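Structure assessment
Residue-level listing of the chains:
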Protein chains: 2
Amino acid sequence: MKFSPLINELIESFRCLPGVGAKSAQRMAFALLQKNRSGALKLSAALHDAMEHVHHCQTCRNFTEQTECEICRDEQRRATGLLCIVENPQDVIAIEQSSEFKGCYFVLMGRLSPIDGIGPAEIGLPLLQQRLTEDDVKEAILATNFTMEGEATAFYITEMCKQLQLPVTRLAQGVPIGGELEQVDSNTLGRAFKTRSAI
Amino acid sequence: MKFSPLINELIESFRCLPGVGAKSAQRMAFALLQKNRSGALKLSAALHDAMEHVHHCQTCRNFTEQTECEICRDEQRRATGLLCIVENPQDVIAIEQSSEFKGCYFVLMGRLSPIDGIGPAEIGLPLLQQRLTEDDVKEAILATNFTMEGEATAFYITEMCKQLQLPVTRLAQGVPIGGELEQVDSNTLGRAFKTRSAI
Ligand SMILES: [Zn+2]
Ligand SMILES: [Zn+2]
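Just so it is clear, the model here is predicted, and its values are computed rather than measured.

1. A short note on the overall build of chain A
Per the secondary structure count, chain A includes eight helices and six strands. Walking chain A from its N terminus toward its C terminus, one meets helices and strands in the order α-α-α-β-β-α-β-α-β-α-β-α-β-α. In terms of C-alpha radius of gyration, chain A reaches 22 Å, well past the compact-globule figure of 16 Å for 199 residues. With respect to the principal axes defined by its C-alpha atoms, chain A has extents near 70 × 45 × 35 Å. The buried share among the 199 residues of chain A stands at 44%.

2. Considering the coordination of the zinc ion (ligand 1)
Residue and element names in this part refer to chain A. At this site the zinc ion (ligand 1) is bound by Cys57 (SG), Cys60 (SG), Cys69 (SG) and Cys72 (SG), with donor distances of 2.3 Å. Considering all four donor atoms around the zinc ion (ligand 1), angles at the metal cover 105 to 121° and the coordination shape is tetrahedral. In the primary structure, the donors to the zinc ion (ligand 1) are separated according to the pattern C-x2-C-x8-C-x2-C. Here Cys57, found in the loop between β1 (55–56) and β2 (63–64), pairs with Cys72, found in the loop between β2 and α4 (75–79); they are 15 residues apart in sequence, far enough to count as distant. Here Cys57 falls in the buried class, since its relative accessible area comes to 2%. A relative accessible area of 2% means that Cys72 is categorised as buried.

3. Description of the coordination of the zinc ion (ligand 2)
Residues and elements named next belong to chain B. For the zinc ion (ligand 2), the full set of protein donor atoms is Cys57 (SG), Cys60 (SG), Cys69 (SG) and Cys72 (SG), and the range of their distances to it is 2.3 Å. Around the zinc ion (ligand 2), the four donor atoms are arranged such that angles at the metal cover 105 to 122°; this shape is classified as tetrahedral. Read in sequence order, the donor residues coordinating the zinc ion (ligand 2) give the pattern C-x2-C-x8-C-x2-C. Comparing Cys57 with Cys60 shows no difference in burial state: the two are buried.

4. Things to note about helix α1 (residues 5–14) of chain A
Buried residues of α1(A): A:Ile7, A:Leu10, A:Ile11, A:Ser13 and A:Phe14, and no others. All buried residues of α1(A) fall inside an arc of 165° around its axis, so they share one side. Relative to its buried face, α1(A) has exposed residues pointing more than 90 degrees away, namely A:Pro5 and A:Glu12. Buried positions along α1(A) lie against α2 (22–35) of chain A together with α3 (37–53) and β2 (63–64) of chain B.

5. So, the interface of chain B and chain A
Across the boundary between the two partners, chain B contributes 51 residues, which contact 51 residues of chain A. Where chain B abuts chain A, roughly 4,900 Å² becomes buried across the two surfaces, and 75% of that area is made up of carbon and sulfur atoms. Run the count over chain B and chain A and you get zero salt bridges. Inspection of the chain B/chain A interface yields nine residue pairs in polar contact (both at pLDDT 80 or more). Contributing elements (two or more residues each) for the side of chain B that touches chain A: α1 (5–14), α2 (22–35), α3, β2 and α5 (89–98) of chain B. Sorting elements by how many residues they give to the side of chain B that touches chain A places α3(B) first, with 15 residues. Across the side of chain B that touches chain A, the residue classes break down as 29 nonpolar, 13 polar and nine charged.

6. Notes on the pattern of salt bridges
All names here are of chain A. Taken as a whole, this structure holds 20 salt bridges over all chains when the rule is applied. A salt bridge links Asp136 to Arg131; the shortest N-O distance between them is 3.6 Å. Classification of Arg131 by relative accessible area gives buried; the value is 4%. It is possible to trace a salt-bridge network through shared partners that takes in Glu68, Arg78, Arg131, Glu134 and Asp136.

7. Comments concerning the pairing of strand β5 (residues 139–142) of chain B
Residues and elements named next belong to chain B. Pairing of strand β3 (residues 82–86) with β5, which is carried by four bridges, proceeds in the parallel orientation. When the bridges of β5 are listed, Leu82 appears paired with Glu139. The pairing of β5 with strand β6 (residues 168–170) spans three bridges and is classified as parallel. Paired with Ile141 across the bridge in β6 is Thr169. Handedness of the crossover is the feature at issue here: the chain leaves β5, passes through helix α7 (residues 148–163), returns alongside β6, and the resulting connection is right-handed.

8. Looking at the domain arrangement of chain A
When its domains are assigned, chain A resolves into domain 1 (5–53) and domain 2 (74–170). The gap between the C-alpha centroids of domain 1 of chain A and domain 2 of chain A is 35 Å.

9. Observations concerning the environment of B:Glu180
Examined against the element boundaries, B:Glu180 turns out to sit in the loop between β6 and α8 (186–194). Each C-alpha atom, one on B:Glu180 and one on B:Glu9, is 50 Å from the other, the two residues being 171 residues apart in sequence.

10. A few points about α3(B)
A rise of 1.5 Å per residue sets the reference length of α3(B), with its 17 residues, at 24 Å; its end C-alpha atoms lie 24 Å apart and thus fit the reference within 8%. By the burial criterion, the buried members of α3(B) are B:Gly39, B:Ala40, B:Leu43, B:Ser44, B:Ala46, B:Leu47, B:Ala50 and B:Met51. Against the buried residues of α3(B) lie α1, α2 and α3 (37–53) of chain A together with α2 of chain B.

11. Some remarks on the side chain of B:Ser24
Residues and elements named next belong to chain B. The topology assignment puts Ser24 in helix α2. Relative accessible area serves as the criterion here: at 16%, Ser24 is assigned to the buried category. A distance of 3.3 Å separates the side chain of Ser24 from the backbone nitrogen of Gly21, its partner in a polar contact.

12. Some remarks on the sheet that holds strand β5 (residues 139–142) of chain A
Residue and element names in this part refer to chain A. What the four strands build is an open sheet, ordered β4-β3-β5-β6; its pairing is parallel. One side of each edge strand has no neighbouring strand; the edge strands of this open sheet are β4 (104–107) and β6 (168–170). Neighbour to neighbour, the strand axes of the sheet diverge by 25° on average, direction disregarded. Pairing of strand β3 (residues 82–86) with β4 involves four bridges; the strand directions are parallel. Its bridge partner being in β4, Cys84 is matched across the sheet by Tyr105. Together, β3 and β4 form the strand contacts of helix α5 (residues 89–98), whose direction differs from that of β4 by roughly 155°. Lying on the sheet, helix α6 (residues 125–132) is in contact with β3, β4 and β5; it crosses β3 at an angle near 170°.

Basis of the calculations
Residues numbered from 1 in each chain as written. Chains lettered and ligands numbered in written order. Predicted model: local features only at pLDDT ≥ 70, side-chain atom pairs only at ≥ 80, totals over all residues. Heavy atoms only, no water. Helix = DSSP H or I, 4+ residues; strand = E, 2+ residues; numbered from the N terminus. Rg over C-alpha atoms; globule rule 2.2 N^0.38 Å. Buried < 20%, exposed > 50% of the residue type's maximum accessible area, 1.4 Å probe, protein only. Donors = N, O, S within 2.8 Å, 3.2 Å for Na, K, Ca; no water. Tetrahedral: all angles 85-135°; square planar, octahedral: opposite > 155°, others 65-115°. Arc of directions from axis to C-beta. Contact = heavy atoms within 4.5 Å. Buried area = accessible area lost by both parts, 1.4 Å probe. Salt bridge = Lys/Arg side-chain N within 4 Å of Asp/Glu carboxyl O. Polar contact = N/O pair within 3.5 Å; in protein donor to acceptor, adjacent residues only side chain to side chain. Nonpolar A, V, L, I, M, F, W, Y, C, P; charged D, E, K, R; others polar. Pairing = 2+ DSSP bridges. Right-handed = clockwise from strand over helix to strand, strands pointing away. Domains from an automatic or database assignment. Expected span 1.5 Å × (residues − 1). Axes fitted to C-alpha atoms, helices over the stretch in contact; angles between N-to-C directions.

As structure tokens, then:
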């Protein structure tokens, strides 16, 4: 004997969420049934609406429900000529929160990973190439992660930019602000020595 | 700047799930948008259907989408005259998996907790009393948790049964099967001594 069909279906459906196993799927289903049916109905509608209407911005690949996202439609941002290339939408938010960058983005929605079958086409590099040839891009800023795959992706895009004779930069690496030397990993510390600057 | 409205709404809606904070809500939203839209649409439908159609069994209070749940409609189970009283639907599943019990259940959907405003009415004790006066119940088996609140709830129901002159039992406590003495907590061990049985 199991739960009733609709409850089983609900528990099973929760398993599509990352990090949700059998036990927490059960806990979620009963918490909503017992204490928060209106929240559950809101979640149901939000899931439906987002999956039906959110797609990729035709210019930067970021998620949006419009043809072109808010940032891409911002004339002031385009006028900077700066195009920051990131792996995913969360990176855009992180950079926006730093308030340092006022240009446009290109969101790869992943990174090169040949063993997972993720090649240039999967991360939108043909669209990026087209974007980089447009007049308004003056500098490509590589902000992929500083992981092995992120670095490989940055290297690939660097080659692309060089062929187009477009200036390309990479975010600086070093000791984080407020960071204590003894807590910084040795690779980061080594890099910070090599790229030290005059004061 | 934040995500687009539909994505914000989705992230916010995930917060209704127990144990889901801002970061994991974000992770869930993007995982579904990027990799599993069909799973998300299934979850949306499952949530809607469960919240709309799952209610309490009129006889035992367990969740069901029918007027009376499968177990309550089982004539063989009712014929045993055994009514097992548990705190929640997951307890029913746990007991069913032990394959020891073939009677009926009454699901309190909680436990007495006066400081949280959960009194007899909130855990369906009026309905339980009515059920206990029915001819077919011959023994009430208290299977609430062995926590302070579970014990208080069991005590309250015991009094109710005694007034109705109905035999009432409580699940045995003791050392778990396969349990090593040195790993059993001292309260459990003390109880096991007091209630030791002749072999
Ligand atoms: Zn865009
Ligand atoms: Zn029932």
